[in-house]
Amino acid sequence: MIGQENMKIVSHQEIAANIFELVLEGELTKKMTSPGQFVHLKVTSGNDPLLRRPISICSINQEMNQFTMLYRVSGNGTKVLSERAPGAVVHVLGPLGNGFPDDYLKEGEQALLIGGGIGVPPLYELSKRLVHKGVHVTHILGFQTESDMFYKNEFEKLGETHIATADGTHGVKGFVTDVAEQLSIQPDAYFTCGPSPMLKAVESKYETINGFISMEQRMGCGIGACLACVCHVAGDESGLKYKKVCSDGPVFKSGEVVI
Amino acid sequence: MSRLQVELPGLTLKNPVMPASGCFGFGKEYSQFYDLSLLGAIMVKATTREVRFGNPTPRVAETSSGMLNAIGLQNPGLDHVLQHELKWLEQYDVPVIANVAGSTIEDYEQVAEAISKAPNVHALEINISCPNVKEGGIAFGTHPDTARELTEKVKRVSSVPVYIKLSPNVSSITEMAYAVEEGGADGLSMINTLLGMRLDSRTGKPVIANKTGGLSGPAIKPVALRMVYEVSQKTTLPIIAMGGVSDEMDVIDFISAGASAVAVGTANFVDPLVCPEIIKNLNNILEEWEIEHIHDLRGRSWKDIGEAAYHRS
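Computed from a prediction, not measured in an experiment: that's the story for all the values here.

### Some words on the overall build of chain A
Phase 1 of the analysis: Along the backbone of chain A there are five helices and 16 strands.
Phase 2 of the analysis: Its C-alpha radius of gyration of 18 Å places chain A within 12% of the 18 Å reference for a compact globule of 259 residues.
Phase 3 of the analysis: Dimensions of chain A, computed from the C-alpha atoms along their principal axes, are close to 50 × 45 × 35 Å.
Phase 4 of the analysis: Each of the 259 residues in chain A was classed as buried or not, and the buried ones make up 57%.
Phase 5 of the analysis: Once local pairs closer than 6 in sequence are excluded, the contacts in chain A between residues at least 24 apart make up 63%.
Phase 6 of the analysis: By element, 47% of the accessible surface of chain A is carried by carbon and sulfur atoms, the whole surface being about 10,700 Å².
Phase 7 of the analysis: Measuring between centres, the 23 positive side-chain charges of chain A sit 6 Å from its 29 negative side-chain charges.

### Observations concerning the pattern of salt bridges
Once the charged atoms of two side chains with opposite charge are near each other, the side chains can pair.
Phase 1 of the analysis: Under the defined criterion, the tally for this structure stands at 23 salt bridges over all chains.
Phase 2 of the analysis: Residues Glu287(B) and Arg3(B) are paired through a salt bridge, measuring 3.9 Å at the closest nitrogen-oxygen approach. One end of the pair, Glu287(B), is in helix 9 (residues 274–288); the other, Arg3(B), is in the segment before strand 1 (6–8), and 284 residues separate them in sequence.
Phase 3 of the analysis: Accessibility expressed as a relative area gives 47% for Glu287(B), which makes it partly exposed.
Phase 4 of the analysis: For Glu149(B), the salt bridge goes to Lys153(B), with nearest N and O atoms at 3.1 Å. Of this pair, Glu149(B) and Lys153(B) are both found in helix 4 (residues 144–157), four residues apart, which corresponds to roughly one turn of the helix.
Phase 5 of the analysis: Where salt bridges share partners, they join Asp102(A), Glu125(A), Lys128(A) and Arg129(A) into one cluster.

### Structural notes on the packing of helix 1 (residues 78–89) of chain B against helix 2 (residues 105–115) of chain B
Residues and elements named next belong to chain B.
Phase 1 of the analysis: In contact at an axis separation of 10 Å, helix 1 and helix 2 are set at 25° when each is read in the N-to-C sense. Considered as vectors, helix 1 and helix 2 are oriented roughly parallel to each other. In the crossing of helix 1 with helix 2, the sense of the turn from one axis to the other is right-handed. On helix 2, the residues touching Leu-78, Val-81, Leu-82 and Leu-86 of helix 1 are Gln-110, Val-111, Ala-114 and Ile-115.

### Let's talk about empty space enclosed by the protein
Residues and elements named next belong to chain B.
Phase 1 of the analysis: Tallied over the entire structure, the rule returns two cavities of 30 Å³ or more.
Phase 2 of the analysis: Computed from the structure, the largest cavity encloses a volume of approximately 560 Å³.
Phase 3 of the analysis: Ser-21, Cys-23, Asn-69, Asn-192 and Thr-193 are the residues nearest the centre of the largest cavity, which is lined by 40 residues in total.
Phase 4 of the analysis: Listed by contribution, the elements that provide at least two residues to the lining of the largest cavity are strand 6 (66–69), strand 12 (213–216), strand 14 (261–264) and helix 8 (267–270).
Phase 5 of the analysis: Classifying every residue of the lining of the largest cavity gives 21 nonpolar, 17 polar and two charged.
Phase 6 of the analysis: Size it by volume and the second largest cavity reaches roughly 30 Å³.
Phase 7 of the analysis: Of the residues that constitute the lining of the second largest cavity, the class distribution is seven nonpolar, three polar and one charged.

### Notes on the confidence of the model for chain B
All names here are of chain B.
Phase 1 of the analysis: Per-residue confidence for chain B gives a mean pLDDT of 94, with 96% of residues at or over 70.
Phase 2 of the analysis: Note on residues 306–313: pLDDT is under 50 here. Beyond four places in sequence and across chains, it has nine contacts.
Phase 3 of the analysis: The complex model carries a pTM of 0.94, and its ipTM stands at 0.93.

### Concerning the environment of Arg300(B)
Phase 1 of the analysis: Its location among the elements puts Arg300(B) in the loop between helix 9 and helix 10 (305–308).
Phase 2 of the analysis: Put simply, Arg300(B) and Thr174(B) are 126 residues apart on the chain and 19 Å apart in space, counted from C-alpha to C-alpha.

### Some words on the layout of surface pockets
Phase 1 of the analysis: Taken as a whole, the second largest pocket encloses approximately 450 Å³ of empty space.
Phase 2 of the analysis: Lining the second largest pocket we find 23 residues, and of these Lys42(A), Ser45(A), Gly46(A), Val270(B) and Asp271(B) sit closest to its centre.
Phase 3 of the analysis: Those elements that place two or more of their residues in the lining of the second largest pocket are strand 7 (89–96) of chain A together with helix 8 and helix 9 of chain B.
Phase 4 of the analysis: Sort the elements by how many residues they give to the lining of the second largest pocket and helix 9 of chain B lands first, with four residues.

### Regarding the interface of chain B and chain A
Phase 1 of the analysis: Counting residues at the interface gives 34 residues for chain B and 31 residues for chain A.
Phase 2 of the analysis: Counting each side, the surface lost to burial between chain B and chain A is near 2,600 Å², with a carbon and sulfur contribution of 63%.
Phase 3 of the analysis: Looking only at chain B, the three residues that lose the most surface to chain A are Phe53(B), Glu62(B) and Val270(B), adding up to 25% of its buried area.
Phase 4 of the analysis: Counting across the interface, chain B meets chain A through two salt bridges.
Phase 5 of the analysis: For Lys244(A), the salt bridge goes to Glu29(B), with nearest N and O atoms at 3.2 Å.
Phase 6 of the analysis: Every element with two or more residues in the side of chain B that touches chain A is listed here: strand 5 (60–63), strand 6 and helix 8 of chain B.

### Observations regarding unusual backbone geometry
Phase 1 of the analysis: Asp48(A) connects to Pro49(A) through a cis peptide bond whose omega is 0°.
Phase 2 of the analysis: On the secondary structure map, Pro49(A) appears in the loop between strand 3 (38–42) and strand 4 (53–56).
Phase 3 of the analysis: The omega torsion of the bond from Thr57(B) to Pro58(B) falls at -5°, within 30 degrees of zero and hence cis.
Phase 4 of the analysis: Looking at where Pro58(B) falls in the secondary structure, it is placed in the loop between strand 4 (42–43) and strand 5.
Phase 5 of the analysis: Positive phi outside glycine occurs at Asn65(A), with the angle close to 60°.

### Some thoughts on the packing of helix 7 (residues 248–257) of chain B against helix 9 of chain B
All names here are of chain B.
Phase 1 of the analysis: Remark: helix 7 packs on helix 9, axes separated minimally by 8 Å, with the N-to-C direction vectors making an angle of 65°. With respect to helix 9, the axis of helix 7 lies roughly perpendicular. The crossing of helix 7 and helix 9 is right-handed. Counted together, Glu-248, Met-249, Val-251 and Ile-252 of helix 7 and Ile-278, Asn-281, Leu-282, Ile-285 and Leu-286 of helix 9 form the full contact between these two elements.
Phase 2 of the analysis: Counted by class, the contact of helix 7 with helix 9 contains seven nonpolar, one polar and one charged residues.

### Focus: the state of the cysteines
Here, disulfide denotes a covalent bond that connects the sulfur atoms of two cysteines.
Phase 1 of the analysis: What the rule picks out here adds up to zero disulfides over all chains.
Phase 2 of the analysis: Cysteine Cys23(B) is unpaired, with the sulfur of Cys226(A) as its nearest cysteine sulfur at 8.3 Å.
Phase 3 of the analysis: Look at Cys23(B) and you get buried, because its relative accessible area is 13%.
Phase 4 of the analysis: Lacking any disulfide linkage, Cys275(B) is separated from the closest cysteine sulfur, that of Cys23(B), by 9.6 Å.

Reading guide: rules and limits
- The numbers attached to residues start from 1 for each chain and follow its sequence in the written order.
- Note on labels: chains are lettered from A, ligands numbered from 1, in written order.
- The model is predicted, so local features are restricted to residues of pLDDT at least 70 and side-chain atom pairs to those at 80 or more, both for listing and for counting; the totals for chains, interfaces and linings are taken over all residues.
- Here the side-chain values reflect all heavy atoms present in the structure, with hydrogen atoms and water set aside.
- Numbering goes from the N terminus for both helices and strands, where a helix is a DSSP run of H or I of at least four residues and a strand is a run of E of at least two.
- Here the globule rule reads 2.2 Å times residues to the power 0.38, and the radius of gyration is calculated from C-alpha atoms.
- Here the term buried applies to any residue with accessible area under 20% of the maximum for its type, exposed to any over 50%, and partly exposed to those in between, with areas from a 1.4 Å probe on protein chains only.
- The contact criterion used is simple: two residues touch if any of their non-hydrogen atoms lie within 4.5 Å.
- Working definition of accessibility: Shrake-Rupley area with a 1.4 Å probe, residue cover restricted to the visible protein chains.
- Counted charges follow a simple rule, with Lys and Arg positive, Asp and Glu negative, and His plus the chain ends left uncounted.
- In this description, the location of a charge corresponds to atom NZ of lysine, CZ of arginine, CG of aspartate or CD of glutamate.
- Whenever Lys or Arg places a side-chain nitrogen within 4 Å of a carboxyl oxygen from Asp or Glu, that contact is recorded as a salt bridge.
- Orientation is described by lines fitted to C-alpha atoms, with helices fitted over the stretch in contact, and by angles between N-to-C directions that extend from 0 to 180 degrees.
- Oblique is the label for any angle not under 35 degrees, not over 145, and not in the 65 to 115 range, which are roughly parallel, roughly antiparallel and roughly perpendicular in turn.
- Crossing chirality is assigned from the near helix's rotation relative to the far helix, an anticlockwise turn below a right angle marking it left-handed and a clockwise turn marking it right-handed.
- Here a cavity is any set of points on a 1 Å grid over the protein atoms alone where a 1.4 Å probe fits but cannot get out, and a pocket is any open set with protein on both sides within 12 Å along at least 5 of 7 lines; a residue lines the site when it has an atom within 4 Å of a point.
- Grid points are joined across faces, edges and corners, and a volume is the space filled by probe spheres set on the points.
- Any residue outside Ala, Val, Leu, Ile, Met, Phe, Trp, Tyr, Cys, Pro, Asp, Glu, Lys and Arg is labelled polar, Gly included; the first ten of those are nonpolar and the last four are charged.
- Predictor confidence is given residue by residue as pLDDT, running from a minimum of 0 to a maximum of 100.
- Throughout, buried area stands for the accessible area (probe radius 1.4 Å) lost by two parts on being put together, summed over both.
- Two cysteine sulfurs form a disulfide in these notes if their separation is within 2.5 Å.

Here it is, written out as structure tokens:
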């Protein structure tokens, strides 16, 4: 059930180059049940910025009634958001979309979580839940460069964590798939979120196993009405079938949609 | 009679507020947030004869106090709209204004004839102003003769009153209004989006895959208001106005400019509850101002103010 609330900023800080960690508090947290869902934020009242910004949920703390988001400042909307101080409120619509299934794997099974850049955050809540269930998790996190890197320690606490940077300033030089090539583990399922070329590469590398892929797209309404964020359905020769990233996704089964 | 109730060709509206076509799908998504029967009417998503996928993504981009979109008339096609979407909307006590689009005059005729027979479709909105498709759409909305011909043909086959949706992307919107009035239109809806674009400053390339898109939101309100002000003085056709409406004062402004009812577009994306909010606030403000009926304000921007209260229509 989608709710709306003016939520209070309890903490807000830059944790890597242009990457901010934002913690919000409010009753809406109770509705957040699935890792990989997102919220639609109105960063200030008024007309500029006008539209909401879709931001994925990074972790949920039900006891504290708080949830955390990590976002990258990449335009005017996120710039304005980054200037909002603790104590201020932002208007939240959510939770939206369908997240990663945290019951797909059983205790003792092996999960591979692959994140790229600002696609890393939703994997954090997922990983916590999988670990809580006794699933073995391995993380591969990709960043452009070391100064972009975040949450390395947090992921390491949950399981084996490999880092790839495009420029080689940290971990393996190259992409997440270069790390994947070197791994000997055979995952029972993979979970991934990041830029489209990475998702494509991951899907084709793990063709034989089931995966769950979180897509990103520019959105309008965030609730499935405006058809801004559609993608094609895999294997549909007519080219007319579609899924909405906001309300059918953002997480899809591997092979379900055209990345 | 309620101070908000409005009578228009084909339509008895509980209030003059309705979601604009393309911003509300066929209502399902917004029914999670409120009872759609609260609305004056619903202008549903454009329907074409065949199913359309629309344009490649990205399809939207934010601009200063506005947004660009180039969805490209994505819709499930006439048959599906009739059998599923309009059928589903029958559970609500709300008149539907069906938005009709096509690539050829025959397309428009075929969709208009069939969709106007649906029991809850009380009027048609003929979309001759979509800026985001290569064929049809705006091609019919920028030449007065073509617009007149299309209006005549659609009028001939439609079972309900016909409103023509005008484009602002013309040198004289009044000429277009005259043309469709001559063609037999029962009303106007105006304005569709303004053709615009945004570039990625770093790469220099358009942000939207379609390169250009339609500009909407508060940024276009002054343009829409001016056009309603002009056209309402030159034609007797009732006008359903849209263009950046976000609150009750925007509704009052458009009514003051000469509109009879108002549609809310982009604002639905910002606040899914905006339409019922506007309706509630509109009633409250009229009560506070001691205005007996919303139409007492109609056209007061250009009418003799002393007479305004006596000329309800």
